[in-house]
Amino acid sequence: MTETIPVRKNQMIELYITGQGHEGEGVGKYEGYALFVPGALSGEQVRVRVTKLNKNYGFAQLLEVMQPSRHRAQPPCPIYHQCGGCQLQHMTYEGQLQHKRQIVADALARIGKLEGVPVHPTLGMDEPWKYRNKSQVPVGWVDGRMVAGFYAPRTHEIIDMQGCLIQHPYSDEIVNTTKRILNELGIRPYDEKGHRGLVRHIVARVGYHTKETMVVLVTKEREIPHKHKLIEQLREWIPHLVSIIQNINPSITNVIFGQETVTLWGKDTIEDRIGDIRFSISARSFFQVNPVQTKVLYDKALEYARLNGDETVIDAYCGIGTISLFLSQQAKRVIGVEVVADAIEDAKINAELNGIENVEFLVGQAEQVIPELFEARGLRPDVVVVDPPRKGLEEALLQTIVDMQPERVVYVSCNPSTLARDLRYLEDRGYKTQEVQPVDMFPQTFHVESISSLILEK
Ligand code: SAH
């Protein structure tokens, strides 16, 4: 079939970019053949070099932007191209929001064959920088000097970093200060190659509303030389520090945390809030990384759930119970289901911390636990909220939702393709998608989050 591909590898061509792919890459057609061009934007005339050819589409490298899009921006981060953590800094923020809406709308139309469903303009941040409340930075040794930053893409080479534009400023301060102090005390970083040395990762966590900060040192061994001096120095220099944690990870592994966690000084946890709900966050707890947008998303969940206080709600894929606790204030009863047992422990602690008694948390796979709740306990929720990982909902769960006949379903999704597939399944069985609201949880990156409101048509 090669003869149908109109370009050759390494050929240089001009291309008009007509769209934007899932990872933010530009897409253009050359004599009907689709080429993906990282770094190019929709509406641009570009010159590219063809790098890879597949049967139905290929890839090309951007050589020159001949006619820039009005959404082209100068990436403000000096290490944007090396790091790979952000993918959309070369797009204005307005362009990013439009792009994310388009990805959702396209998936609904193409995959879900859903017509006439309103997809609202993406809810973005006023200040789409400095939003992340957690940073996990690998530490290494380059040319006789400690470095802490990020892995160069597709390698294990650590590139030193002074700051990250999407991290909370305290995180940068925590990482830089810790790096300096470790260096001054001669505490060696871990060396992956020889499995020698001590400090593997510096993890910083910040309570957005409370300003409480935590530093976690992930070490290969328990013993830390100059431990008291280290603690004293960290306390002196890190702003708003309430907790110094050591996590011990002796294994040869890419996984950041080991099994054992020790509090070296201060509290075991920091606290933060989403709306009026307080959360206690330990070194390893999952917590939404963008607290400002989390509130926006959960307010939408509350709006779409349309609670008046009499409802039984299921929150499937509940994590540490954030949505469950948020909704519990306005429902009769909420049942959260989550597969990670530690997350459910956190959820229970957080319920107690807030004096919330109308929630119940169950450990297990949603597609197993929820059918059991229906069949064995005859549970008939009024509202089902789902927030699944990228692969979306298992058919067993979709089927149970249909069997339980809740009046409303609220679907929080981080993957428009599986969302569209699942909305189609539900649409065919009586659930009409009324509206979809993209919410930008991760500005400057390609992640697309949205929340959908479904009602049972009678
Ligand atoms: N709703 C939460 C977290 C959603 S992230 C919040 O807003 O914070 C998705 C969650 O689904 C993760 O916590 C993951 O551990 C969990 N998960 C993944 N597969 C699952 C399954 N089959 N059943 C239940 N939970 C699952």
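Residues numbered from 1 in each chain as written. Predicted model: local features only at pLDDT ≥ 70, side-chain atom pairs only at ≥ 80, totals over all residues. Heavy atoms only, no water.

### Some words on the packing of aromatic side chains
Two descriptors summarise a pair of aromatic rings, namely the distance from one centre to the other and the angle between the planes of the rings.
Item 1. Counted according to the given criterion, the structure contains five aromatic pairs.
Item 2. The interplanar angle of 85° and the centroid separation of 5.7 Å between the aromatic rings of phenylalanine 36 and tyrosine 57 together place this pair among those described as edge-to-face. Taken as a pair, phenylalanine 36 in strand E3 (residues 33-37) and tyrosine 57 in strand E5 (residues 57-67) lie far apart in primary sequence, 21 residues in all. (Phe/Tyr/Trp six-rings, centres within 6.5 Å; stacked < 30°, edge-to-face > 60°. Helix = DSSP H or I, 4+ residues; strand = E, 2+ residues; numbered from the N terminus.)

### Considerations on helix H4 (residues 227-237)
Item 1. Restricting attention to buried positions, one finds in H4 the residues Leu230, Ile231, Gln233 and Leu234. Projected down its long axis, H4 carries its buried residues within an arc of 165°, all on one side. Exposed and facing more than 90 degrees away from the buried side of H4 are His228 and Glu236.
Item 2. For H4, the elements touching its buried residues are helix H3 (169-184), strand E10 (213-219), strand E11 (241-248) and strand E12 (260-266). (Buried < 20%, exposed > 50% of the residue type's maximum accessible area, 1.4 Å probe, protein only. Arc of directions from axis to C-beta. Contact = heavy atoms within 4.5 Å.)

### Focus on the pairing of strand E17 (residues 359-363)
Item 1. Note that strand E16 (residues 333-338) and E17 share five bridges and pair parallel. When the sheet's bridge partners are listed, glycine 336 is paired in E17 with phenylalanine 361.
Item 2. Tracing the backbone out of E16, into helix H7 (residues 341-353) and back to the parallel element E17 gives a crossover that is right-handed. (Pairing = 2+ DSSP bridges. Right-handed = clockwise from strand over helix to strand, strands pointing away.)

### Quick look at the sheet that holds strand E18 (residues 383-386)
Item 1. Ordered in space as E17-E16-E15-E18-E19-E21-E20, the seven strands form an open sheet in which the pairing is mixed. Because the sheet does not close on itself, it has two edges, and the strands there are E17 and strand E20 (431-439). Between one strand and the next, the sheet's axes are offset by a mean angle of 15°, whatever the strand orientation.
Item 2. Across four bridges, strand E15 (residues 312-316) lies against E18 in parallel orientation. Among the inter-strand pairings, isoleucine 314 is bridged to a residue of E18, identified as valine 384.
Item 3. Strand contacts of helix H8 (residues 366-377): E15, E16 and E17, with the helix running at about 140° to E16, the strand carrying the most contacts. (Axes fitted to C-alpha atoms, helices over the stretch in contact; angles between N-to-C directions.)

### Concerning the domain arrangement of the protein
A common way to report how large an interface is uses the accessible area buried once the components associate.
Item 1. Split into domains, the protein comes out as domain 1 (12-67), domain 2 (100-126 + 290-456) and domain 3 (134-274).
Item 2. Each of domain 1 and domain 2 was reduced to a C-alpha centroid, and the two centroids are 36 Å apart.
Item 3. Domain 1 puts five residues into the contact, and the matching count from domain 2 is four residues.
Item 4. Together, the buried faces of domain 1 and domain 2 total about 340 Å²; carbon and sulfur atoms form 62% of this surface.
Item 5. Sorting the residues of domain 1 by area buried against domain 2 places Gln20, His22 and Glu23 first, and these three jointly supply 94% of that buried surface.
Item 6. Summed over the shared surface of domain 1 and domain 2, the number is zero salt bridges.
Item 7. There are zero residue pairs in polar contact (both at pLDDT 80 or more) connecting domain 1 and domain 2.
Item 8. A class-by-class count of the residues in the side of domain 1 that touches domain 2 yields no nonpolar, four polar and one charged. (Domains from an automatic or database assignment. Buried area = accessible area lost by both parts, 1.4 Å probe. Salt bridge = Lys/Arg side-chain N within 4 Å of Asp/Glu carboxyl O. Polar contact = N/O pair within 3.5 Å; in protein donor to acceptor, adjacent residues only side chain to side chain. Nonpolar A, V, L, I, M, F, W, Y, C, P; charged D, E, K, R; others polar.)

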